[in-house]
Amino acid sequence: MNEDKKADRKCKRFAARLLSSKGIICSSYARPSIVLCNVGQATGLSKDDIVNLLYNTPSVKLKKFIAEKGESHSFLTFNSENEAETFFQKYNGRKCINDTILYMCYIDDVPNTEVICPHKNPEGLQIIEDFISVDEEKDLIELFDWEEIDASLKNRQVRHFGYEFRYGSNDVDLSSPLPQKIPQECDILWTRLKKYGFAIDPPDQLTINKYAPGHGIPSHVDRHSPFGPMILSLSLGSSVVMDWRRHSGMNVPIVVPARSLLVMEGAARYDWQHGIQPRTWDPIIEHRTLQDNHVKVITSDTTNRGTRISLTFRWTRSGECNCLYKTLCDVSTESTNDLDDNVASNLEELHVHQVYEQISKHFSSTRHTAWPKVVEFLREVPAGSVLLDLGAGNGKNILNRGDILQIAGERSCGLVSECRSRTCGIPAADCVRLDLLEPCIRDGCADVIICIAVIHHFSTQTRRSQAVATIARLLRPGGRALITVWAKDQAKSNYLCKKKEIPLHTNTTVKVGDLTLPVHENRTQFQHKDLLVPWKLRGAKDNKLSEKPESTLLRFYHVFEEGELDTLCRMSNLVVEKSFYEEGNWCVVCIKTA
């Protein structure tokens, strides 16, 4: 009896917390529904744990079980008050689940967590269930499962056949075929597809993704121009819920069973993005008829994921895409490379130079220390060297050394002022105003040059090439340079905000003269190469980020694909000594040989 009183007191304390934080109203009398106050998904509770308890109480039938993600409580609804009371009396205040004492209360209502999805499946998407047999699945898993991997992405393991699929740009390099071709064991798939009305030639590119429970893939569309009008995906090992999103705002969850073949054509191939959320479970999706309409209902029940291996088959192609779906088409994305030089200069004046003049103090307050790779590079600068920092910003990279001559060059007057105040007192260091395209510095004067996060602000290929050529011209023979630019692929950086959804290609654009540029959503994956990136100024009074539209300024960026910066360096007769990816940036260490 003493233990029952303790349990009752603890139940009331738990109930009080729930009442204040979640608005859950507990009852003093038996009700068909019960809240388990101290166990839920956040504590590792699964439906199997409840089923095991019910196994010992055969007279009790569970009507609904709700355990919401991230919550440390859960709900049970029984067929009657008597059944709920039987369960309550047997398990309340007792060690039941993983040696945890259960504390529960009766409640009048449980939350309705069912979500109705009225949207139809994407047009052109077909799921052929049981496309392969259990034995065939086993054989393919043995063929494509592996321990040592060719590459490991943030959320999964991956291998390629035919051509390497390049994440970030979502394409392939047709000039670099792989020695590993698609295994002949896959030939049964093309023969079998003929029975479903698909007369196709064998594909020439295969990507294998191995997903452990908890792994996923961001929403994406395979680029239009490098691949043909059909993409196939065969699922092995475990089912999964795949989320399909359209730029119109439609969101359709689709169950992809194990051994099924996903066929993407038409709108599903070109006009929808698809992805898999990184979680160890998936919601149960039921098909129901509501008010004469067939709809999907996402219930509160969940199912655990297992290890899943997907085989994605593509047909490569060259040339521009001529599809009818232009919203997500890479060919329809406007490029700045064809801009007249005067127009490009005006674009940079408006969306680079003027912006930095306005944000110089705020920008400087966010830049404190040099990046580790910059520090590592500068550590090797020998005494007596001449070091140029081109596009020095607030001068955070200037070394506190008196045995080298350091010149920090910056175009923004505001940042030149910030740089001078920062470098004041450092011997043999000076900060000057210069334009990287017309620096007014003697050729061959520098032993070492750093150009950190600058080249990506030039709006055309010609002007970016001219900027790198300036670096080459200022270096003496044998001199070395470190150049960094923003990468289009941010998947392996801390730039991405985990709480943000991967955006669809944004409909927010800004007209600059005759050019229309997309506006990027900060802390999300880049969807375009030439774009405007918002900078929100802080308020003068409270130093907080302002939400006023006039306090958001737009900086132009050209984000780089892998190898693009290397090509610019080689065009200027610089030898690439080292090329690497570092926290969302492509970086090149190069040397001038003559």
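Above this text sits the structure in question.
An account of the accompanying structure is given in this report. (Residues numbered from 1 in each chain as written. Predicted model: local features only at pLDDT ≥ 70, side-chain atom pairs only at ≥ 80, totals over all residues. Heavy atoms only, no water.)

**Overview of the pattern of salt bridges**
With the rule as written, the count across this model stands at 20 salt bridges. Between R259 and E137 there is a salt bridge, with its nearest N and O atoms 3.4 Å apart. Note that R259 is positioned in the loop between β16 (251-256) and β17 (261-264) and E137 in helix α4 (residues 134-144), a separation of 122 residues in sequence. Judged by its relative accessible area of 21%, R259 is partly exposed. For E137, a relative accessible area of 8% gives the class buried. As a salt-bridge pair, D282 and R279 come within 3.1 Å of each other at their nearest N and O atoms. Judged by its relative accessible area of 2%, D282 falls in the buried class. Within this structure, D130, E137 and R259 form a network of salt bridges that share partners. (Salt bridge = Lys/Arg side-chain N within 4 Å of Asp/Glu carboxyl O. Helix = DSSP H or I, 4+ residues; strand = E, 2+ residues; numbered from the N terminus. Buried < 20%, exposed > 50% of the residue type's maximum accessible area, 1.4 Å probe, protein only.)

**Some points on the sheet that holds strand β3 (residues 62-66)**
Strand order across the open sheet formed by 5 strands is β1-β7-β2-β4-β3, with antiparallel pairing between neighbours. In this open sheet, the two strands that pair with only one neighbour each are β1 (26-27) and β3. In the sheet, β3 pairs with strand β4 (residues 74-78) via 4 bridges, with the strands oriented antiparallel. Each residue of the ladder has a partner; that of K64, found in β4, is T77. Here helix α3 (residues 81-91) sits on the sheet and contacts β2 (33-36), β4 and β7 (104-107); the angle it forms with β7, its principal contact strand, is near 165°. (Pairing = 2+ DSSP bridges. Contact = heavy atoms within 4.5 Å. Axes fitted to C-alpha atoms, helices over the stretch in contact; angles between N-to-C directions.)

**Some remarks on the sheet that holds β16**
Reading across the sheet, the 4 strands line up as β13-β18-β15-β16 and stay open at both edges, with antiparallel pairing between neighbours. Every other strand in the sheet has two partners, leaving β13 (217-220) and β16 as the edge strands with one partner each. Across the sheet, the mean angle separating the axes of adjacent strands is 20° when strand polarity is ignored. Relative to β16, strand β15 (residues 240-246) is paired through 6 bridges, and the arrangement is antiparallel. Among the inter-strand pairings, V240 is bridged to a residue of β16, identified as V256.

**Some remarks on the environment of E286**
With respect to the helices and strands, E286 occurs in strand β19 (residues 281-290). We classify E286 as partly exposed; its relative accessible area is 30%. Along the backbone, E286 and V255 are 31 residues apart, and their C-alpha atoms lie at a distance of 10.0 Å. Ignoring anything within four residues of it in the chain, the contact list for E286 reads V295, K296, V297 and T299.

**Some details on the nonpolar core**
L390, L436, I449, I455, I483 and C569 are the most contacted members of the largest nonpolar core, which has 31 residues in total. Elements represented by at least two residues in this core include exactly β22 (386-390), β25 (446-452), α10 (461-474), β26 (475-486), α11 (564-571) and β32 (585-592). Among residues more than four places away in sequence, those in contact with I449 are F377, L387, L388, L390, I471, L474, L475, R480, A481 and L482. Of all hydrophobic cores here, the second largest spans 27 residues; its members include A344, L415, V533 and F556. (Core = buried A, V, L, I, M, F, W, Y, C linked by side-chain atoms within 4.5 Å.)

**So, helix α2 (residues 47-55)**
The complete set of buried residues in α2 reads D49, I50, L53 and L54. For α2, the arc enclosing every buried residue in end-on projection is 135°, short of the 170-degree limit, so these residues lie on one face. When the buried face of α2 is taken as reference, the exposed residues oriented beyond 90 degrees from it are D48 and Y55. Taken together, the buried residues of α2 touch β2, β3, β4, α3 and β5 (95-97). (Arc of directions from axis to C-beta.)

**Focus on unusual backbone geometry**
Phi at D99 takes a positive value of approximately 60°, unusual for a residue other than glycine. Examined against the element boundaries, D99 turns out to sit in the loop between β5 and β6 (100-101). We classify D99 as exposed; its relative accessible area is 65%. Positive phi, normally seen in glycine, also occurs at C440, with a value near 55°. With respect to the secondary-structure elements, C440 resides in the loop between β24 (429-433) and β25. Here C440 falls in the exposed class, since its relative accessible area comes to 79%.

**Some remarks on helix α9 (residues 413-423)**
For α9, every residue scored as buried is listed here: G414, L415, V416, E418, C419 and T423. Measuring from the backbone nitrogen of G414 back to the side-chain oxygen at the start of α9 gives 3.4 Å, which picks out S412 as the cap. Immediately beyond the C-terminal end of α9, within one or two residues, lies G425, with a positive phi of roughly 100°. (Polar contact = N/O pair within 3.5 Å; in protein donor to acceptor, adjacent residues only side chain to side chain.)

**What to know about the pairing of strand β28 (residues 515-518)**
In this structure, strand β27 (residues 509-512) lies alongside β28, joined through 4 bridges in antiparallel fashion. What sits directly across from V512, in β28, is L515. Linking β27 to β28, which pair antiparallel, is a turn of 2 residues; within it G513 sits at a positive phi near 65°.

**Considering the side chain of S235**
Mapped onto the elements, S235 comes out in strand β14 (residues 231-236). Judged by its relative accessible area of 1%, S235 is buried. Here R308 takes part through its side chain, which lies 2.9 Å from a polar atom of the side chain of S235. Beyond its immediate sequence surroundings of up to four residues, S235 is in contact with V256, P257, A258, R259, S260, R308 and I309.

**Remarks on the packing of helix α7 (residues 341-365) against α9**
Direction vectors running N to C along α7 and α9 enclose 30°, while the axes themselves pass 7 Å from each other. As far as their axial angle goes, α9 and α7 are roughly parallel. Where α7 abuts α9, its residues Y356, E357, S360, K361, F363 and S364 lie against C413, G414, L415 and E418. A class-by-class count of the residues in the contact of α7 with α9 yields 4 nonpolar, 3 polar and 3 charged. (Parallel < 35°, antiparallel > 145°, perpendicular 65-115°, else oblique. Nonpolar A, V, L, I, M, F, W, Y, C, P; charged D, E, K, R; others polar.)

**Concerning the environment of Y106**
Tracing the backbone through its elements, the reader meets Y106 in strand β7. Overall, the relative accessible area of 7% leaves Y106 in the buried class. Put simply, Y106 and A84 are 22 residues apart on the chain and 8.4 Å apart in space, counted from C-alpha to C-alpha. With sequence-adjacent residues up to four places away left out, Y106 is seen in contact with I25, C26, S27, Y29, A30, R31, S33, I34, A84, E85 and F88.

**Section: the packing of aromatic side chains**
Tallied over the entire structure, the rule returns 13 aromatic pairs. Taken together, the ring pairs in this structure connect F78, F87 and Y91 into an aromatic cluster. When the ring centre of F131 is taken as reference, the NZ or CZ atom of R192 above it lies at 5.9 Å. Above the face of the F165 ring, R314 is positioned so that its terminal group lies 3.9 Å from the ring centre. (Phe/Tyr/Trp six-rings, centres within 6.5 Å; stacked < 30°, edge-to-face > 60°. Lys NZ or Arg CZ within 6 Å of the ring centre and 35° of its normal.)

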